[in-house]
Amino acid sequence: MTPETAYTRPRDLAEALAVRAAQPSWMVLAGGTDLMVSAIHKRVPAGILDLWRLPGVGAITEGAGGGLVIGAGATWLEIGRDARVAKAWSPLALAAREIGALQIQARGTLGGNIGTSSPVGDSLPALLALDAEIEVASVRGRRRVPYAAWCTGYRTTALAADELIVAAHLPPLAAGTHLAWRKVGTRRAQSISKVMGAAAMRVECGVVTDARIALGAVADRPIRIAAVEQAVRGLARAAAAEAARAAMRGAIRPIDDVRSSASYRDLVAENLVARFFSGMI
Ligand SMILES: Cc1cc2nc3c(=O)[nH]c(=O)nc-3n(C[C@H](O)[C@H](O)[C@H](O)COP(=O)(O)OP(=O)(O)OC[C@H]3O[C@@H](n4cnc5c(N)ncnc54)[C@H](O)[C@@H]3O)c2cc1C
């Protein structure tokens with residue numbers, strides 16, 4: 001006998017939060033591009049809370065002090081086409097344009113990528129390098145979690161059972177911040193990342209004064225590479241590239257899976273980070 005599955009598509013966030021509080025075990029569905037792939041291997045959920053196109057959580061709006069707020073329900077197509085994201089937070093726009101193909105970009109959402117929290121989720125290193133904060137809501141209220149504290153392990157996050165992801169907040173970046181993004185896959189389009197990374201580097205008078213370097217697929221979650229960030233401070237870009245390369249050695253323990261060996265990921269990650277500083281990416 002097929003179990004009955006309840007289904008609800010709330011009209012607004014308040015209604016969605018009430019259902020989430022009452023039924024924390026229900027599947028939270030956004031675009032479904034992650035959930036549908038694995039649905040056949042999982043138990044039929046008792047209920048589905050469908051957030052697709054939920055009013056109030058899909059917009060991209062200007063935030064306080066020149067920042068940007070991207071609603072959890074915004075799709076990759078919308079994010080990739082947003083001129084503000086492309087201009088000031090380019091790693092996220094570039095990641096958006098490389099997620100799956102057009103069909104996936106039209107349906108997959110930022111909230112879904114953050115919710116799945118896969119080590120190969122393409123937006124995640126960009127959120128780390130851009131120092132994003134994740135806003136979540138429940139009937140208890142709202143809170144913001146720095147993305148650096150969001151991932152708690154392999155595909156686990158700081159989201160509580162009664163909470164929903166509402167938005168990602170991108171702070172404005174200081175003048176002189178150079179941004180970079182690179183995804184390395186089997187081919188240039190439609191591939192799952194072997195390694196991907198994002199960088200936000202502050203360069204003043206040719207010298208690196210600050211850097212946030214984030215990589216994906218090199219650990220159980222996206223990570224900042226503190227050893228590199230410390231090694232490059234105070235160096236001219238060419239010297240920083242060499243220092244970054246040296247600091248990468250032993251700094252990561254990449255995952256080893258069907259897509260790539262750990263040693264390949266190690267080498268690619270080292271080249272990628274060095275090229276962020278040499279300006280080749
Ligand atoms: C063919 C194919 C290619 C793909 N290529 C890529 C790729 O290149 N790069 C990449 O990173 N990903 C890729 N993906 C994965 C997927 O498209 C992305 O992770 C996408 O962003 C998921 O968004 P979604 O809205 O479809 O999430 P869903 O599948 O609806 O949900 C995913 C998870 O997030 C949770 N969730 C969603 N929204 C919320 C919310 N507001 N609050 C709380 N929890 C929430 C859900 O409960 C679920 O656990 C691909 C998938 C497919 C099928």
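Structure: see above.
Residues numbered from 1 in each chain as written. Predicted model: local features only at pLDDT ≥ 70, side-chain atom pairs only at ≥ 80, totals over all residues. Heavy atoms only, no water.

1. Remarks on the site of the ligand
Not every one of the 32 residues close to the ligand is listed here, only the nearest: Val-28, Gly-31, Thr-33, Asp-34 and Thr-109. One of the side-chain nitrogen or oxygen atoms of Trp-76 is found 2.9 Å away from an oxygen atom of the ligand. Interatomic distance of 2.8 Å between a backbone N/O atom of Ile-165 and a nitrogen atom of the ligand. Against a free-state accessible area of 990 Å², the protein chains account for coverage of 84% of the ligand. For the shell around the ligand, the elements supplying multiple residues, two or more each, are strand 2 (27-29), helix 2 (35-38), helix 7 (110-116) and strand 10 (164-170). (Near = heavy atom within 4 Å. Polar contact = N/O pair within 3.5 Å; in protein donor to acceptor, adjacent residues only side chain to side chain. Areas by Shrake-Rupley, 256 points an atom, 1.4 Å probe, with all protein chains shown as cover. Helix = DSSP H or I, 4+ residues; strand = E, 2+ residues; numbered from the N terminus.)

2. Details of the nonpolar core
In terms of nonpolar packing, the biggest core is built from 38 residues, with Ile-70, Ile-79, Leu-92 and Leu-127 touching the most fellow members. Elements supplying a minimum of two residues to this core: strand 5 (68-71), helix 3 (76-81), helix 5 (90-97), helix 7, helix 8 (123-129), strand 6 (133-138), strand 10 and strand 12 (195-204). At 5 residues, helix 8 tops the list of elements feeding residues into this core. Two domains each provide a minimum of three residues to this core, namely domain 2 (60-170) and domain 3 (178-278). Residues in contact with Ile-70, not counting those within four places in the same chain, are Ala-59, Ile-60, Ile-79, Val-85, Leu-92, Leu-110, Ala-167, Ala-168 and Leu-170. (Core = buried A, V, L, I, M, F, W, Y, C linked by side-chain atoms within 4.5 Å. Buried < 20%, exposed > 50% of the residue type's maximum accessible area, 1.4 Å probe, protein only. Domains from an automatic or database assignment. Contact = heavy atoms within 4.5 Å.)

3. A closer look at the side chain of Ser-123
For Ser-123, the location among the structural elements is in helix 8. Ser-123 sits in the buried class, given a relative accessible area of 0%. There is a polar contact of 2.7 Å between the side chain of Ser-123 and the side chain of Asn-113. Those residues within four positions of Ser-123 in sequence are excluded, and the remaining contacts are Trp-76, Leu-92, Ala-95, Leu-110 and Asn-113.

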